[in-house]
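Breakdown of the fold
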Amino acid sequence: MDKAHAAPRCCARTRSGLSCQSPAMANGRCRMHGGASTGPRTAEGLARSKRAAWKHGRRSARYVALKRLVKQAARDLRETTKLSEQMLRNAGW
Ligand SMILES: [Zn+2]
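Brief notes about the domain arrangement of the chain
- Here the chain is partitioned into domain 1 (1–35) and domain 2 (56–93).
- Here the C-alpha centre of domain 2 lies 62 Å away from the C-alpha centre of domain 1.

Here's what the structure looks like:
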């Protein structure tokens, strides 16, 4: 308790107009006004964070690239089909 009393105060302006008297947490920031998360600090934490945020993978770089390839292949096939039909028509089929 002595430690909490000795800790620096936040001093953010509160809705009542007074300044926040909350003591700093162990990390030196106010528990209510300390600001946004600074994100994962370790490679392991970053990996855990990515896994937690992963929904279905349909927007992942790999999947988007694959869809692009498949769509291009479909366009190529349609073009080839169109040209083939034209050639057959010109040949009198
Ligand atoms: Zn505060």
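Here the narrative resumes, following the displayed structure.
Comments concerning the coordination of the zinc ion
- Donor atoms from the polypeptide that coordinate the zinc ion comprise Cys10 (SG), Cys20 (SG), Cys30 (SG) and His33 (ND1), at 2.0 to 2.4 Å from the metal.
- For the zinc ion, the donor residues sit on a single chain with the sequence spacing C-x9-C-x9-C-x2-H. Of this pair, Cys20 sits in the loop between α1 (2–6) and α2 (43–53) while His33 sits in the loop between α1 and α2; the two residues are 13 residues apart in sequence, bridging distant segments of the chain.
- Of the residues examined, Cys20 reaches a relative accessible area of 5% and is grouped as buried.

Digging into the pattern of salt bridges
- In total, this model carries one salt bridge according to the counting rule given.
- As a salt-bridge pair, Glu79 and Lys82 come within 3.8 Å of each other at their nearest N and O atoms. Of this pair, Glu79 and Lys82 both sit in helix α3 (residues 61–90), three residues apart, which is roughly one turn of that helix.
- Residue Glu79 is classed as partly exposed on the basis of its relative accessible area, which comes to 38%.

The rules we used
Residues numbered from 1 in each chain as written. Predicted model: local features only at pLDDT ≥ 70, side-chain atom pairs only at ≥ 80, totals over all residues. Heavy atoms only, no water. Domains from an automatic or database assignment. Donors = N, O, S within 2.8 Å, 3.2 Å for Na, K, Ca; no water. Helix = DSSP H or I, 4+ residues; strand = E, 2+ residues; numbered from the N terminus. Buried < 20%, exposed > 50% of the residue type's maximum accessible area, 1.4 Å probe, protein only. Salt bridge = Lys/Arg side-chain N within 4 Å of Asp/Glu carboxyl O.

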